[in-house]
Amino acid sequence: MSSKHYLETIRLILNKKINMKYFSALCLVLFSLSGFSQEFKISDWFNEKANSVVQLSPDGKLVAWLTYNNRILIQPIDKGASRSIQLSAGQRFIDGQFINDEKFVYVVQDGDEYRVISHYLPNATQKLLYTSRFFKVSLAQEHRKSEVVWLIVNGQLKPFDLLSRSLGKAVPLPKNSQFVGLANNKPCYSISDTKDVFILKENEWKKFEPVESISQVYADKDCHNFWILATHEKNTKSLFRVTSKKSELIYSQKYYDIADVIFDSNKKNVAAVFYEAELLQVKTFSKNAQKIDSIMQRSFPKSYWQVIAQSVDGKKSLVSVQSPKIPPQVIWTDVETNRVVSLQRRLQNYDKSRWYKTSVVSVDNGAKPALFGYLTQPDKLNSHVPLIIRIHGGPFEIRDRWRFDPEAQWLADQGLATLTFNYRGSSGMGNAYRRVAYGDLRSVIEEDIEEILTALESQFNYDPVKRCLYGASFGGYAVLSELISNSDDYVCGIMVSSVVSLPMFYESLSDEMTKATFAKQFGNYDDPDWREENNLLLHLGEIDATTLVIYGNQDKRVSPLQSEALIAKMKILKKPFTVKKLENSDHEIEVLEDRLAVYKSIQQFLQEHLLKSLK
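Given the structure is predicted, the values throughout are model-derived calculations rather than measurements. (Residues numbered from 1 in each chain as written. Predicted model: local features only at pLDDT ≥ 70, side-chain atom pairs only at ≥ 80, totals over all residues. Heavy atoms only, no water.)

Trainee: Can you explain the side chain of glutamine 562? Please cite residues and give values.
Mentor: Residue placement: glutamine 562 occurs in helix α12 (residues 560-573). The exposure class assigned to glutamine 562 is buried, which follows from its relative accessible area of 2%. Excluding residues within four positions of it along the chain, glutamine 562 makes contact with Ser498, Val499, Val500, Ser501, Met504 and Phe505. (Helix = DSSP H or I, 4+ residues; strand = E, 2+ residues; numbered from the N terminus. Buried < 20%, exposed > 50% of the residue type's maximum accessible area, 1.4 Å probe, protein only. Contact = heavy atoms within 4.5 Å.)

Trainee: Give a description of the sheet that holds strand β23 (residues 270-276) that names residues and reports values.
Mentor: Taken in spatial order, the three strands make up an open sheet running β22-β23-β24, and their pairing is antiparallel. Single-partner strands in this sheet number two, and they are β22 (258-263) and β24 (280-284). On average, adjacent strands in this sheet sit at an angle of 20° to one another, irrespective of strand direction. Against the sheet, helix α4 (residues 287-299) engages β22, β23 and β24, with an angle of about 150° to β24. (Pairing = 2+ DSSP bridges. Axes fitted to C-alpha atoms, helices over the stretch in contact; angles between N-to-C directions.)

Trainee: If you had to explain the environment of isoleucine 389 to someone new, which residues and values would you point to?
Mentor: Looking at where isoleucine 389 falls in the secondary structure, it is placed in strand β31 (residues 387-391). Of the residues examined, isoleucine 389 reaches a relative accessible area of 0% and is grouped as buried. Measuring from C-alpha to C-alpha, the distance between isoleucine 389 and alanine 417 comes to 8.6 Å, with 28 residues separating the pair along the chain.

Trainee: Describe the side chain of aspartate 293, naming the residues involved and giving the relevant values.
Mentor: Turning to its location among the elements, aspartate 293 is positioned in helix α4. Setting aside its immediate chain neighbours within four residues, aspartate 293 contacts Val282, Thr284 and Trp305.

Trainee: Requested: an account of the pairing of β24, with residues and values cited.
Mentor: Pairing of β23 with β24, which is carried by five bridges, proceeds in the antiparallel orientation. Across the sheet, valine 273 pairs through a bridge with lysine 283, a residue of β24. The hairpin turn running from β23 into β24, its antiparallel successor, is three residues long.

Trainee: Quick rundown of the confidence of the model for the chain? Include the residues and the values.
Mentor: Averaged over every residue, the pLDDT of the chain is 91; residues scoring 70 or more account for 93%. In this model residues 1-37 is a low-confidence stretch, pLDDT under 50, and it forms 19 contacts with partners more than four residues away in sequence or in other chains. (pLDDT = per-residue confidence, 0-100.)

Below, the structure is given as structure tokens:
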């Protein structure tokens, strides 16, 4: 559209020749025709104030939130005003739950004191139920109407009767209990900090033995049947049902771990299981679950979604949902009416259609499961669009997923494509996929990078002239390793909070159990050949690409000495590099000001080394 047409349009608006009720629609048309793109500021992702879901009421008509400004917000789905409970500046929310559809109980910490308070919703009456000094108080959760709330205090379960406002007999918990499950509002099971599971039988806690390698436990309402997510002699995390008489496999996927399970209202039957291959896969077993799945497929096709809370009858649900083109949001659904109500959406000030496309990249070499990744691209993709290859950290308990990726979107805004991928060793694809990388990570990741780049060229006709590697923590180690092995293939590398020497990392470990796990996964420290190969400081002479080294001086997970040793050696070898040292930041760089400074440094670095010569 020419400037003359713009001016004529503005003149008509000012002279009221165009009805103002069509003004918004006209602006959208002008916006589209102009070719102007709303810039995505990565700071908006980190600066945004979002509320956190606490619970759904038993009838599914109210949602409790903890707001970003320290309030408890009770939000009705339908008509009616929200109720707000303002916490004082010194109070910290610990826990909360609906006791029934009209009463909400919550725990706050104020200094060294913990308080349990009931809030009666119809008239906003509050009552102090219980106080504890020094000992933390939390609530044992059960989503059922009851006038008894169970408090977890100093290694004990204490029943508090809301009608008589009195404590009942305390039940001692197993040592180091981290979670307590109730059934029929009575103690049922406990999970320790070492993932040991204990069942309460005849007033005695007994260790749960039938299934090994447990990651999650669910109990039916009578505490008779248990649903267990565990590997237990399977390659993948699978679902088992355990009774007093037997244990049986209910569902297992050959190549992918089960990520989540939902049940019917009494937890007597499985409603659906979820696992993640390239995209989310859902296996439904009940009509309600089929209806939820249908609603999600219709409203949010090709998305990742998870049921985070349900009403007692299982018909109303809170669901978190996102995809590469849908920023995270929380919705409410009703399977009886097929209603979908959006309750919270991240980045809602951005136009929904402005997000860049993400595609699955899959290696077809006959291996199962297939090596795969995700490509987020600018509008036009050709060999002159530089590629960022982002390598995830971990390496064994992390994977890349089909999610909204603010970093990839931010990079696409700058004209860069981003490739992420799940190299062998990543989690979620079963034990065999993870263990194949044990002791041989450098060569495995190098092979997988070559495979995924070949697939990228084959599937998208995309062989970029310029490539840059990017990784944090162990991902930074993988970046450095790849630059050493194949330096000519890359223009640059970015390493954040990076490991540079596995032997040095091993030497920083304090206990023998952690050292044994490290040796099993990464290799034998006592082998001099292993130490030579995996101390990347000894191989920096092979690097020609320029690097950006970012680290926090308060990092307790990966010592800052690792990055400083890298910098010192690069100086000696006269290699090109840039440093961003953050005096007050830890491994995750959680200080907001520092995190934004990191992105500014990355942007300047990429502008200089990937984009400048293309303009």
